[in-house]
Amino acid sequence: MGQVVLVTGVARRLGARFAAELRRRPGVDLVVGVDVLPPRQPVEEPDGPAAPYRFHQLDLRRPAVARVIAEHGVDTVVHLAVSATGLGSTNRSAVKESNVIGTMQLLGACQKAPGVRRLVVKSTTGVYGSAPRDPAVFTERTQPKNLPGGGFAKDAVEVEGYVRGFARRRPDVAVTVLRFANIVGPGADTPLSAYFALPVLPTVLGYDPRLQFVHEDDALAVLSLASGEPGPGAVNTGTFNVAGEGVLLLSQCARRLGRPTLPLLLPAIGWMAGLARQTRMVDFSPEQLRLLTHGRVVDTARLRETFGYRPAYTTPEAFADFAAAQSAGLLPPARLAAVTDGLAALLGRDHGPAGPAPGPPADPAAGPRSGPTRPPTRPRS
């Protein structure tokens with residue numbers, strides 16, 4: 001028999017795309033999708049032979065997921081329902097319950113199912129937090145200076161703790177935790193992509209954080225590799241950072257989007273973030289504010305050397321693909337580049353390649369000048 005894979009979070013774009021990808025994969029007999037709401041768009045029907053697909057609308061906070069696992073004989077569980085935003089509810093407590101309580105119920109169901117042999121959990125690099133004294137680069141073993149105090153990042157920390165407990169209780173199950181950087185792409189629907197869609201980007205005065213991104217195509221490829229048997233010489237169990245190589249500064253992101261920035265003092269931008277959340281204009285959470293202040297960069301050597309995958313998109317390339325699908329900003333990148341080049345050429349013509357233009361030639365009869373000249377002093381009477 002082939003794999004029977006249960007995927008949570010299929011009502012979102014990433015979950016729906018992953019379920020469709022699984023159906024095309026040889027060796028998969030059945031894909032079971034689970035979410036609290038039906039998908040906005042049905043799972044794409046692959047061309048050619050494909051594994052059948054079954055969808056169950058249920059809330060992971062309820063024990064009904066155990067019945068679904070037993071009914072279909074699920075052997076692989078891919079948990080993608082841990083998210084920064086909720087479906088059908090923007091209430092923070094409801095989102096936290098869905099993330100944490102839903103994961104607890106799912107792990108309890110997996111623990112009681114003897115047929116489950118593999119578990120993949122989507123997490124976030126937000127578990128490292130964002131603080132002024134953070135190391136330049138986080139590895140999977142780095143302990144954060146300050147644990148996230150709330151929001152999605154704290155949910156992910158708690159979820160990972162429950163996953164580690166499950167791995168100790170079921171050592172026969174291959175467990176993989178994937179800490180994704182911010183996922184971008186033409187159809188990205190994350191809180192950070194909503195921030196970048198603003199006509200003017202509020203930033204923290206005096207800060208230009210380093211950011212990392214992972215393209216949604218690379219995210220799908222990593223999930224696909226994690227949900228199957230590892231390739232020759234690779235190990236796909238454990239915890240892995242997932243991000244495109246390289247970094248971008250927030251100012252560089254703004255220029256690539258053609259968005260002007262509005263630098264504000266931290267208290268002012270915190271007030272604006274609270275107002276934006278109340279009006280539901282954009283989900284500008286405190287953890288996102290910390291990211292846009294201090295940034296975060298992770299090491300992906302273990303993903304390349306142990307897991308055996310090198311992302312096809314670097315961070316700049318992933319963001320460029322995201323930017324290409326966005327509406328034109330107030331400052332189109334081509335026009336902004338032309339202005340920048342024009343200023344550079346103007347400065348170069350004024351100063352020359354070796355610095356400022358020399359002054360008028362000195363009078364040879366005046367002799368060497370040791371310092372600035374002074375006007376003659378008037379004799380005192």
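Our structure's up above, just so we're on the same page.
Residues numbered from 1 in each chain as written. Predicted model: local features only at pLDDT ≥ 70, side-chain atom pairs only at ≥ 80, totals over all residues. Heavy atoms only, no water.

The helix and strand inventory of the chain stands at twelve helices and 13 strands. Within the chain, contacts between residues at least 6 apart in sequence are counted, and of these 79% link residues at least 24 apart. Accessible surface computed for the chain: about 19,700 Å², of which carbon and sulfur atoms make up 57%. (Helix = DSSP H or I, 4+ residues; strand = E, 2+ residues; numbered from the N terminus. Contact = heavy atoms within 4.5 Å. Areas by Shrake-Rupley, 256 points an atom, 1.4 Å probe, with all protein chains shown as cover.)

Two numbers describe how helix α7 (residues 250–257) lies on helix α11 (residues 315–324): the axes approach to 9 Å, and their chain directions differ by 35°. As α7 runs across α11, the sense of the crossing is right-handed. Facing α7, whose interface residues are Cys-253, Arg-256 and Leu-257, α11 presents Phe-319, Phe-322 and Ala-323. The class makeup of the residues in the contact of α7 with α11 is five nonpolar, no polar and one charged. (Axes fitted to C-alpha atoms, helices over the stretch in contact; angles between N-to-C directions. Left-handed = near helix turned anticlockwise from the far one by under 90°. Nonpolar A, V, L, I, M, F, W, Y, C, P; charged D, E, K, R; others polar.)

Further remarks concern a nonpolar patch on the surface. A grouping of Ile-101, Met-104 and Tyr-162 is seen on the molecular surface, where their side chains present a nonpolar patch of about 240 Å² in accessible area. Looking at the secondary structure, you find Tyr-162 in helix α4 (residues 151–169). (Patch = residues over 30% accessible without salt bridge, like charges linked within 9 Å, V, L, I, M, F, W, Y side chains within 5 Å. Salt bridge = Lys/Arg side-chain N within 4 Å of Asp/Glu carboxyl O.)

With that settled, consider the side chain of His-56. Its place among the elements puts His-56 in strand β3 (residues 53–57). Apart from the residues lying within four places of it in its own chain, the contact partners of His-56 are Val-32, Gly-33, Val-34, Asp-35, Val-68, Glu-71 and His-72.

What follows is about empty space enclosed by the protein. Any empty space left between atoms is shown by rolling a water-sized probe over those atoms. Under the counting rule described, the total for this entry stands at one cavity of 30 Å³ or more. Of the voids in this model, the largest cavity is the one considered here, and its volume is about 50 Å³. Along the walls of the largest cavity sit Thr-125, Ala-181, Asn-182, Leu-211, Gln-212, Leu-291, Arg-296 and Val-298, which together make up its complete lining. (1 Å grid on protein atoms, 1.4 Å probe; cavity = no way out; pocket = protein on both sides within 12 Å on 5 of 7 lines; lining within 4 Å. Points joined across faces, edges and corners; volume = space filled by probe spheres on them.)

What the rule picks out here adds up to eight aromatic pairs. Ring geometry for Phe-213 and Phe-319: centres 5.1 Å apart, planes at 35°, overall tilted. With Phe-213 in strand β10 (residues 213–215) and Phe-319 in helix α11, the pair connects residues that are 106 residues apart, well separated along the chain. Phe-319 shares its class with Phe-213; the two are buried. An aromatic cluster of three or more residues is present, and its members are Tyr-195, Phe-196, Phe-213, Phe-319 and Phe-322. (Phe/Tyr/Trp six-rings, centres within 6.5 Å; stacked < 30°, edge-to-face > 60°. Buried < 20%, exposed > 50% of the residue type's maximum accessible area, 1.4 Å probe, protein only.)

Approximately 380 Å³ is the volume found for the second largest pocket. Along the wall of the second largest pocket there are 18 residues; nearest its centre are Glu-140, Glu-160, Arg-164, Arg-179 and Thr-239. Among the secondary structure elements, those contributing two or more residues to the lining of the second largest pocket are α4, β6 (174–180) and β11 (238–242). Here the lining of the second largest pocket takes five residues from α4, the largest share from any one element. Within the lining of the second largest pocket, the residues separate by chemical class into nine nonpolar, four polar and five charged.

Attention now goes to the pattern of salt bridges. Side chains that differ in charge, positive against negative, can pair when their charged atoms come close. All told, the structure shown has 15 salt bridges when counted by the stated rule. For Arg-117, the salt bridge identified is with Asp-172, shortest N-O distance 3.3 Å. Placement of the pair is Arg-117 in the loop between α3 (92–112) and β5 (118–124) and Asp-172 in the loop between α4 and β6, with a sequence separation of 55 residues. Under the relative-accessibility criterion, Asp-172 is labelled partly exposed at 39%. Here the salt bridges share partners, and the residues they tie into one network are Arg-13, Arg-17, Glu-216 and Asp-217.

Now for the environment of Pro-135. Looking at the secondary structure, you find Pro-135 in the loop between β5 and α4. Sequence-wise, Pro-135 and Val-297 are 162 residues apart; in three dimensions their C-alpha atoms are separated by 8.8 Å.

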